[in-house]
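# Architecture and fold: a report
Now for the letters of each chain:
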Amino acid sequence: TDDMVLLRSANDYEIGDAVAYRHPQIGTVLHRIVADDGVRFTLQGDNREGSGSYNPTREDVIGRQWIIIPRGGASPACCRRPATSPC
């Protein structure tokens, strides 16, 4: 929670890569590739048991995890708060 992940697109994605993809009902999701049948990926969240119910294609994938900024997602929210508010 609150970590920021920067992505990089790639020509190929491999088992073990953490990728962001477009889920048709949820929106953008970040999960790790656990299987690849050549057409669709099977993905799983790092803190979840079992794979997800949606198997994205390569076209659904936005990019691979490149840099993680711990608590970086909280920083933009802190910038909008008054200086007297703790972050």
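See the structure shown above.
The paragraphs below set out a description of the structure included in this document. (Residues numbered from 1 in each chain as written. Predicted model: local features only at pLDDT ≥ 70, side-chain atom pairs only at ≥ 80, totals over all residues. Heavy atoms only, no water.)

### Focus: the overall build of the protein chain
Scanning the protein chain from terminus to terminus reveals one helix and five strands. When its helices and strands are written in sequence order, the protein chain yields β-β-β-β-β-α. Looking at the protein chain residue by residue over its 87 residues, the buried ones come to 24%. Of all intrachain contacts in the protein chain linking residues separated by at least 6 positions in sequence, the fraction that spans at least 24 positions is 49%. Just so you have it, the protein chain exposes about 6100 Å², and 48% of that area is on carbon and sulfur atoms. (Helix = DSSP H or I, 4+ residues; strand = E, 2+ residues; numbered from the N terminus. Buried < 20%, exposed > 50% of the residue type's maximum accessible area, 1.4 Å probe, protein only. Contact = heavy atoms within 4.5 Å. Areas by Shrake-Rupley, 256 points an atom, 1.4 Å probe, with all protein chains shown as cover.)

### Some thoughts on the pairing of strand β4 (residues 41-44)
Residue alternation in β4 divides its side chains into a buried set, Phe 41 and Leu 43, and an unburied set, Thr 42 and Gln 44. With four bridges joining them, strand β3 (residues 27-36) and β4 adopt antiparallel strand pairing. Counted as the bridge partner of Ile 33 is Leu 43 from β4. Taking the residues between adjacent antiparallel strands as the criterion, β3 and β4 are bridged by four residues, where Gly 38 takes a positive phi near 95°. (Pairing = 2+ DSSP bridges.)

### Comments concerning a nonpolar patch on the surface
Taken together, Trp 66, Ile 67 and Ile 69 make up a surface patch of nonpolar side chains, about 250 Å² in accessible area. Within the secondary structure layout, Ile 67 lies in strand β5 (residues 61-69). (Patch = residues over 30% accessible without salt bridge, like charges linked within 9 Å, V, L, I, M, F, W, Y side chains within 5 Å. Salt bridge = Lys/Arg side-chain N within 4 Å of Asp/Glu carboxyl O.)

### Focus: the nonpolar core
The biggest cluster of nonpolar side chains holds eight residues, and these are Tyr 13, Val 19, Tyr 21, Val 29, Ile 33, Phe 41, Leu 43 and Val 61. Elements supplying a minimum of two residues to this core: β2 (18-23), β3 and β4. Apart from the residues within four sequence positions on either side, Val 19 is in contact with Tyr 13, Val 29, Leu 30, His 31, Ile 33, Leu 43, Val 61, Gly 63 and Arg 64. (Core = buried A, V, L, I, M, F, W, Y, C linked by side-chain atoms within 4.5 Å.)

### Focus: the pattern of salt bridges
A pair can form between side chains of opposite charge whenever their charged atoms are brought close. This structure, assessed with the given rule, holds four salt bridges. Residue Asp 12 is joined to Arg 58 by a salt bridge in which the shortest nitrogen-to-oxygen separation is 3.9 Å. Of the two residues, Asp 12 sits in the loop between β1 (4-8) and β2 while Arg 58 sits in the loop between β4 and β5, which places them 46 residues apart along the sequence. The exposure class assigned to Asp 12 is partly exposed, which follows from its relative accessible area of 42%. You can call Arg 58 partly exposed: its relative accessible area is 28%. A salt bridge links Asp 17 to Arg 64, with the nearest nitrogen and oxygen atoms 3.1 Å apart. Pair noted here: Asp 17 is in the loop between β1 and β2 and Arg 64 is in strand β5, with a separation of 47 residues, a long-range link.

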